[in-house]
Amino acid sequence: MEPKYKYAESIIKPQSIEMCKNTVYIRKDYVETFRVDEQGNKTPYWTYQEAVLTQEEFNSYVNFVMSKNAINGMNDSGNISHLVAGQENGDNNQLIIMEAIADLYDAIAFIM
């Protein structure tokens, strides 16, 4: 189930997903342009594609996208291991910083 997008425009950049009581708006492909009126004032306009869905259609679409991403990402073990390695580096850096702070406290306590 793919949403049917139509072109829309606004003078304010709208949110990518906007949930109202019974309607969900999905927007993408934002482009900012400027228009000049007779007095020479530049006004920004946002053009974008917008799909209007009911809550049920939106829920179905979300489930479709999640399933599609799960299938496409099934063989992402390389990406997962890269993320884990990055987390380990972050943890090591945090430990080094904490040890340096402890050393500073010790130095200040010694001086006092």
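Just so you know, these numbers come straight off a predicted model, no measurement behind them.

Help me get a handle on unusual backbone geometry, residues and values and all.
Of note in this structure, Asp29 is not a glycine but carries a positive phi near 55°. The class for Asp29 is partly exposed, based on a relative accessible area of 46%.

Explain the pattern of salt bridges to me, using residue names and the numbers behind them.
Overall, the coordinates contain three salt bridges when judged by the stated rule. We note a salt bridge from Arg35 to Glu9, for which the minimum N-O separation is 2.7 Å. Residue Arg35 is located in strand 3 (residues 23-36), and its partner Glu9 is located in strand 1 (residues 6-10); the two are separated by 26 residues in the primary sequence. Here Arg35 falls in the partly exposed class, since its relative accessible area comes to 37%. On the basis of relative accessible area, Glu9 is assigned to the partly exposed category, the value being 41%.

Account for the nonpolar core, naming residues and giving values.
Side chains of a nonpolar character, in soluble globular proteins, are inclined to be buried together. Ranked by size, the top nonpolar core spans five residues in total: Val24, Ile26, Leu53, Phe58 and Tyr61. Looking at this core, the elements with two or more residues in it are strand 3 and helix 1 (55-72).

How would you summarise the environment of Pro3 if you had to cite specific residues and measurements?
With respect to the secondary-structure elements, Pro3 resides in the segment before strand 1. Measuring from C-alpha to C-alpha, the distance between Pro3 and Leu53 comes to 7.5 Å, with 50 residues separating the pair along the chain. Every residue in contact with Pro3, bar those within four places of it in the chain, is listed here: Ala51, Leu53 and Tyr61.

Kindly report on the sheet that holds strand 4 (residues 42-54), identifying the contributing residues and their values.
Taken together, four strands build an open sheet; the order of strands is 1-4-3-2 and the sheet is antiparallel. The sheet terminates laterally at strand 1 and strand 2 (17-19), the two strands that pair on one side only. Along the sheet, successive strands turn relative to each other by an average axial angle of 35°, direction set aside. In the sheet, strand 1 pairs with strand 4 via five bridges, with the strands oriented antiparallel. What sits directly across from Ser10, in strand 4, is Trp46.

Conventions used here
Residues numbered from 1 in each chain as written. Predicted model: local features only at pLDDT ≥ 70, side-chain atom pairs only at ≥ 80, totals over all residues. Heavy atoms only, no water. Buried < 20%, exposed > 50% of the residue type's maximum accessible area, 1.4 Å probe, protein only. Salt bridge = Lys/Arg side-chain N within 4 Å of Asp/Glu carboxyl O. Helix = DSSP H or I, 4+ residues; strand = E, 2+ residues; numbered from the N terminus. Core = buried A, V, L, I, M, F, W, Y, C linked by side-chain atoms within 4.5 Å. Contact = heavy atoms within 4.5 Å. Pairing = 2+ DSSP bridges. Axes fitted to C-alpha atoms, helices over the stretch in contact; angles between N-to-C directions.

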